[in-house]
Every structure is written in structure tokens, then in C-alpha cells.
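# Residue-level structural notes
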Amino acid sequence: MDSQEIAKTAVADQLKAWDSRAIAGLSEFRGEVTIVILRDHLVPVLDYMKRELGLGFTFLSDITVVDRFPLEPRFELNYALLSLARKERIRIKVKLHGQEAKIASVTPLFPTANWHERESFDLFGIHFEGHPQLRRIVMPDDWQGYPLRKDYPTEGYR
Amino acid sequence: MTGPAQPMVLNMGPQHPSTHGVLRVILELDGETVLKAESVIGYLHTGIEKSCEAKTYSQVITLTDRIDYLAPLSNNLAYCIAVEKLLNLEIPKRAQYIRVLLTELTRIASHLVWLGTHAIDMGAMSVFLYGFREREEILKVFEYVSGQRMMTSYFRIGGLALEPPPDFLDRVRRLMEILPGRIDDYEDLLTENKIWKARMIGVGHLAPADAIALGVSGPLLRASGVDYDIRKMFPYSSYDEFDFKVPVRTEGDCYARYLCRVAEIRESIKIVNQAIQKVPLEGPFRANVPGIIPPSREEMKTSIEGLIYHFKIFTEGFAPPPGEVYSCIESPRGELGVFIASDGSAKPYRVKFRTPSFVNLQSLPTLCVGRLLADVVACIGTTDIVLGEVDR
């Protein structure tokens, strides 16, 4: 495909062409595309999106966790990616079960994920395997509990 | 005492005049050379994101002011734009232009604080007081338009909170007449100053590939050669109708960032002058969507529908459709993003503030490892962090 065609091809189509099993869900809301992928595909998919010439999603803006307690899968991880070349944003979503809140760390791919993942661990209790130093970041080091979870009271425990 | 030489671990902060807030940096030094610089944050964490989940969408606006407390209107704008995207609202042009005008004034005020505090860290104390003299004028404008100097909460969902006073534009115009001369004065003091250049040129170098990998944004990224400004790439609030340049430099050191930010102040002055011309003197300052935007006071007092809508909006709140949005603006520090997950109720299910200072602070080791202890102060200043944003 030449660069003009690549620029017009939707990211989801290119992902499907690369690996048909990669996408577990696709949606669009208010002009924003969200691609749901399975937990084990996270690192390969992000790696492909980063290094593939026609995509070039080299900028990881944000990792946001949403706690859907008491629904399962409980945690939704949203990776907000930006491609400076395509001038396009996209969201990659991974869903995790409450009992198995662990996922591979993307810090080797995107060094900016270091503090985002520490924050997600600190406030939601999600373990990132392979993170260089997974420890609390905004709460005191000896804090018990994960404050931003929905079963943690807003005023905290006294 | 004899024995093998060991690096010294020095604790900087959290109370320290040069850390620009409650930032703690644990430095490992070999003599005066920095071997490791690890930031410890969380001293200003107040649980803003958790509090947002307990408030209605309109009540969250007052919380947003306090995240980046040096650019409160930017935070208001970022949050309001995110909610308006969720609601698919169209904002009247008059409100959009006034939003641009006030946001650019906020950018100038924020950069003046940065310049003053950065200069005073380097020892140039006069610039601090001069910068705050200009910032005082800008705060007077904010007080004139909203009643509050800093935590204005002037932007609301759908537009502005109040009708701006009739001669508000004249006051801004008079301020914009004196400001360029004052910026020239600061440049006279600093730009060709031998001490300033010796302490800033070559210090805190950040390569463009490292900057993108670290997720750095704002002047920190643009001084390293990457032309990424959200106002140009993904224009919001009618920025595409304004004519301005985005300063980009390639040296990637503290001096380049200084030049970028001063140039940004000048570009902001241009934008404010254009906004003064463009703002229509009459017209709605807030979108008109009954059930979501509260009616005007007069309508509330004279019509029964107005009264009912007013009552319902302020007791129950309005419920946007379920869904998720991530919308960002170019704050003075970089990409300020707001992620809102709505479950269809009157309170947001999750609000996440992707704050530029939190991400930019990660670059501190890259900037100052291998350099001298005095450069650490320059590097912290050049990242232009606000601890309220870092910790939330």
C-alpha cells in the first residue's frame, strides 16, 4: 500500500490485516475510536502500532483505569495513544477481572508508562508484570488499600 | 576518615524554595556530579479524582481550578470541553472567543510565574518582582470579569458563567498595550545576560526521541524540535480561526525552553489582540439547552418552565449519555487531558486528569543525571511543574 492509502486506512482495519485475532471489540463515540483487545495481546499490539510505518503511534498520552465494581470484568485499562505522523488519537482498552488484576507492563515500550502504571497500582491495585519499580506513588508507602476503587469510601477510613 | 569513596545521598525537599512546591528529590551525588535523581511525589495529593465521583458534573468545575493552580482557567476549559464533547453541545461563538481570550491571558500569567520563579532560582531576583507586577494586572482582569483573582471557575458547561462586564474588552486592550514593552524589558535583563546563558545553555538537554518516549509535551517538547501543539493539531474552542505561530527550537536545553516560553508569551499577546477584535459585543454567552444548561435568572423568575428546569438542574443535575471521552487542550505546561467515563447518571463515573506536570516530571533524571548539583535547580525550573497537577 502506498502512503496515501495507508493514511486513509483505519487503524482497526490495519490491525485486523496484521492479526485477525487481535481485535476483541471496536466502537466509536463522539469521534473517538476505542479498540478492545485481550490482555495477552497488549504488548504485541502496542508494539505493532508503535513501530509500523503507516501507524506510528509513538506517543502514549495516558493510562486510565475505570473500576466497574460490582460488574465483571471489573477493571478497564484505557491506553490513549497518539500518532504524530497521522495526527490521530486512538484508545486501546483491556478488561481485567477483579481476581486477576495483573497485566504486562508496557514500560519497556513506552518509558512514560512508568509513572502511569505506578499510579494505577497505587490507586487501583493492578499489578504490572515487568515494571522496573512497582510501588506506590501518590499515597504514603505504607498505605493499606486502593483508594480509587469503588468499594473504598470517598472520605476514607478513620 | 579513610575508606572507599561512596556516593552521597542528599535529600532535596519537600520543603525547599527551588522545588516549586512540595516536591522531594533524592539525589545521589559523587562530589557535585549527580548520579541519580529520584522524585518522590504525593505530598499534595488530595484525592481530587475520587471527589469528582461524588459530585455532579457542574460541581466538579470548582475542583478543576485547583489542579494546576497557576493556570486555573485552563483546567476549567479542559474539563468543560470534555463534558461538552460528551453532551455533543455546540458553544456560541461569543463564548468561544472569550474563552480563548481568557485562556491565553492565563497562559501569559502562568509563563510569567514560571519566568519569575526560574529566574529567582538562578539568582536574578528582579525578574521575579517585575513578572508578578504584570501578573497582578492580569489577575485584576480576572477579578473584574468573574469576581475571583485565581480560582475563577468562570467557564461553565455550555459557555461562560456570567455575562462579561461591558468595558472588559477595553481593560484587556489597555493591558495588551503595555505588555509587549514589559516583555522586552525582561528579555533585556535575561536573554543576552552572560550569567543566564552560562547557567542555561547546554544544561538539561533532552533529545526529541527521548522526549516522545517519555510522553513529554508542551514547551519542553517543542524546544527539542517536535512540533506538537494541540491548538494547531487538534484545534478546540475555535483556535483554528486565530493566526499565531508555535515557537519550536531544536537545541533542547534550558535556554531553548526559555526562548520558547518567552516567544509563546508574545504569540499569546497576538491571540488576545485578535480575540478582542473578534468578540461580538452581543450574543449569548452560554448555549441554550433546556434541561442541561440552567436558564437565565430572568427566565427562571418569570416562566414556570424556567423555574422547573432551574430546580431540577440544581437539585438532581443533568445526566449525559453513557460513554467515554478523552479530550485535551494545550495548557501552559503541555497536554492537559481529561478522561470522563459516564454511566448515564448525574455524577461522573470516573474523571481522570492527564496532567502535563505529572508526565513531564518523569524526565527529570534524563535532564540532570551527569550534570552538577546547581543544574538540578535549573532542570526542575525548566520543566515548569506545578505540584497540584503532579499529585492531584
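What counts as what
- Each chain carries its own residue numbering, running from 1 in the written order of its sequence.
- A letter from A marks each chain and a number from 1 marks each ligand, given out in the order of writing.
- pLDDT decides what is reported in this predicted model: residues at 70 or higher carry local features, side-chain atom pairs at 80 or more are listed and counted, and totals for whole chains, interfaces and linings draw on all residues regardless.
- Comment: elements are numbered from the N terminus, with helices defined as DSSP H or I runs of at least four residues and strands as E runs of at least two.
- Backbone-placed C-beta atoms define the burial measure: a residue is buried with 20 or more other C-beta atoms within 10 Å of its own, exposed with 12 or fewer, and partly exposed in between.
- C-beta atoms are placed from the backbone for every residue, and two residues are taken to be in contact when these atoms lie within 7 Å.
- Values of the radius of gyration come from C-alpha atoms, whereas the globule rule sets the reference at 2.2 Å times the count of residues to the power 0.38.
- The pLDDT value tells you how sure the predictor is about a given residue, anywhere from 0 up to 100.
- Within this analysis, the arc is defined by the directions that extend from the helix axis to the C-beta atoms.
- Each residue gets one label: Ala, Val, Leu, Ile, Met, Phe, Trp, Tyr, Cys and Pro are nonpolar, Asp, Glu, Lys and Arg are charged, and the others, such as Gly, are polar.
- For this analysis, nonpolar core means a set of buried Ala, Val, Leu, Ile, Met, Phe, Trp, Tyr and Cys residues linked through C-beta atoms within 7 Å.
- One requirement defines pairing of two strands: DSSP has to find at least two bridges between them.
- To get an axis, a line is fitted to the C-alpha atoms, and for a helix only the part in contact is used. The angle between two axes follows their N-to-C directions and goes from 0 to 180 degrees.

What follows is about the overall build of chain A. Looking only at helices and strands, chain A features four helices and seven strands. Along chain A, helices (α) and strands (β) appear in the sequence α-α-β-β-α-β-β-β-β-α-β when read from the amino end. Overall, chain A is about 60 × 30 × 25 Å in size when its C-alpha atoms are taken along their principal axes. Counting only residues that meet the buried cut, chain A has 37% of its 158 residues in that class. Put simply, of all contacts in chain A between residues at least 6 apart along the chain, 47% involve residues at least 24 apart.

Along its length, chain B carries 17 helices and eight strands. Taking 392 residues into account, the globule formula puts the C-alpha radius of gyration at 21 Å, and chain B, at 22 Å, falls close to it. Residues classed as buried in chain B amount to 51% of the 392 residues present. In chain B, the proportion of contacts linking residues at least 24 apart, taken out of those at least 6 apart, comes to 68%.

Time to look at the confidence of the model for chain B. Caution is warranted with low-pLDDT regions, since their predicted coordinates should not be read in detail. Residues and elements named next belong to chain B. The pLDDT averaged across chain B works out to 91; a share of 99% of its residues lies at or above 70. By mean pLDDT, the top-scoring element of chain B is strand S8 (residues 350–354) (94), and the lowest-scoring one is helix H12 (residues 297–302) (89). Note on the complex model: pTM 0.92, ipTM 0.91.

Before going further, it helps to examine helix H3 (residues 42–51) of chain A. All names here are of chain A. Of all the residues in H3, the buried ones are Val45, Leu46 and Met49. One face of H3 carries all of its buried residues, which in axial projection span an arc of 95°. Buried residues in H3 make contact with helix H2 (11–18), strand S2 (32–37), strand S4 (75–83) and strand S5 (88–96).

For the rest of this paragraph, the subject is the interface of chain B and chain A. Counting residues at the interface gives 32 residues for chain B and 26 residues for chain A. Looking at the side of chain B that touches chain A residue by residue, the classes come out as 14 nonpolar, nine polar and nine charged.

Residue and element names in this part refer to chain A. The topology assignment puts Tyr48 in helix H3. Tyr48 gets classed as partly exposed once you count the C-beta atoms within 10 Å, which come to 17. Along the sequence, Tyr48 and Leu15 sit 33 residues apart, while their C-alpha atoms lie 8.5 Å from each other.

The subject of this paragraph is the nonpolar core. Leu81 and Ile126 of chain A together with Ala78, Ala82, Val83, Leu101 and Ile340 of chain B are the most contacted members of the largest nonpolar core, which totals 145 residues. Counting residues per element, this core draws most heavily on helix H4 (residues 93–122) of chain B, which supplies 14 residues.

All names here are of chain B. Taken together, the three strands give an open sheet; going across it, the order is S6-S7-S8, and neighbouring strands pair in antiparallel fashion. The strands lining the two open edges of the sheet, one partner per strand, are strand S6 (323–331) and S8. Pairs of neighbouring strands in the sheet enclose a mean axial angle of 15°, with direction left out of account. As paired strands, strand S7 (residues 334–342) and S8 are joined by five bridges and run antiparallel to one another. The partner of Ile340 across the bridge, within S8, is Val351.

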